[in-house]
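Architecture at a glance
The lines below spell out each chain.
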Amino acid sequence: SVPDIADLGKARARDPIFCRKDKSLGLLCSRFIQQRSESKQKHFLVDESALKLGGRRRRLYDIINILESVGIVSSLGRNKYVWHGTA
């Protein structure tokens with residue numbers, strides 16, 4: 001038999017592996033800014049940051065594009081950026 005859509009939603013909500021809040025763009029952005037602010041290295045690779053944060057690389061690029069538009073980061077090349085800070 002085909003499972004009911006409502007039952008699938010309830011099962012997903014109880015699943016400890018899946019939590020929408022843990023995957024939110026806002027939370028990923030906060031964790032990224034905290035990581036970069038605490039780091040002594042100004043240069044970073046997007047791939048490495050995505051691995052450390054446990055987020056998808058595409059989502060991190062969305063965040064970096066916004067931060068780049070307000071001068072917090074700037075691009076040094078493909079996948080490589082420099083952190084200028086939030087102060």
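Structure report, in brief. (Residues numbered from 1 in each chain as written. Predicted model: local features only at pLDDT ≥ 70, side-chain atom pairs only at ≥ 80, totals over all residues. Heavy atoms only, no water.)

1. Considerations on helix H3 (residues 46–53)
The set of residues buried in H3 consists of Val46, Ser49, Ala50 and Leu53. An end-on view of H3 places all buried positions within 100 degrees of arc, on one side of the element. Residues Leu51 and Lys52 are exposed on H3 and point more than 90 degrees away from its buried face. Where H3 is buried, its residues meet helix H2 (25–38), strand S1 (43–45), helix H4 (57–69) and strand S3 (80–83). Positive backbone phi, approximately 75 degrees, marks Gly54, located one or two places after H3. (Buried < 20%, exposed > 50% of the residue type's maximum accessible area, 1.4 Å probe, protein only. Helix = DSSP H or I, 4+ residues; strand = E, 2+ residues; numbered from the N terminus. Arc of directions from axis to C-beta. Contact = heavy atoms within 4.5 Å.)

2. Section: the nonpolar core
Within the largest apolar cluster, 15 residues are counted, with the highest numbers of intra-cluster contacts made by Phe32, Leu60, Ile64 and Val73. Elements represented by at least two residues in this core include exactly H2, H3, H4 and S3. Element by element, the count of residues in this core is highest for H4, at five residues. With near-sequence residues (within four places) excluded, Leu60 lies in contact with Leu28, Phe32, Val46, Ser49, Ala50 and Leu53. (Core = buried A, V, L, I, M, F, W, Y, C linked by side-chain atoms within 4.5 Å.)

3. Considering the packing of aromatic side chains
By the definition in use, this model includes four aromatic pairs. Ring centres of Phe32 and Phe44 lie 5.6 Å apart, and the angle between their planes is 65 degrees; this geometry places the pair in the edge-to-face category. With Phe32 in helix H2 and Phe44 in strand S1, this residue pair connects regions lying twelve residues apart in the sequence. Accessibility assignment for this pair places Phe32 and Phe44 in one class, buried. Look at Phe32 and Trp83: their rings are 6.1 Å apart centre to centre, the planes differ by 85 degrees, and that puts the pair in the edge-to-face class. With Phe32 in helix H2 and Trp83 in strand S3, this pair connects stretches of sequence that are 51 residues apart. A single burial state applies to Phe32 and to Trp83, both of which are buried. (Phe/Tyr/Trp six-rings, centres within 6.5 Å; stacked < 30°, edge-to-face > 60°.)

4. Quick look at unusual backbone geometry
Of note, Asn79 is a non-glycine position whose phi angle comes to about 70 degrees, a positive value. Topologically, Asn79 is positioned in the loop between strand S2 (73–77) and S3.

5. Observations concerning H2
Note: α-helices contain 3.6 residues per turn, so residues at a spacing of three or four share the same orientation. Along its 14 residues, H2 runs 20 Å from first to last C-alpha, staying within 8% of the 20 Å computed at 1.5 Å per residue. On its buried face, H2 sits against S1, H3, H4 and S3. (Expected span 1.5 Å × (residues − 1).)

6. Some thoughts on the side chain of Ser49
Mapping Ser49 onto the fold places it in helix H3. The exposure class of Ser49 is buried, given its relative accessible area of 3%. For Ser49, the contacting residues outside a window of four places in its chain are Phe32, Gln35, Arg36, Phe44 and Leu60.

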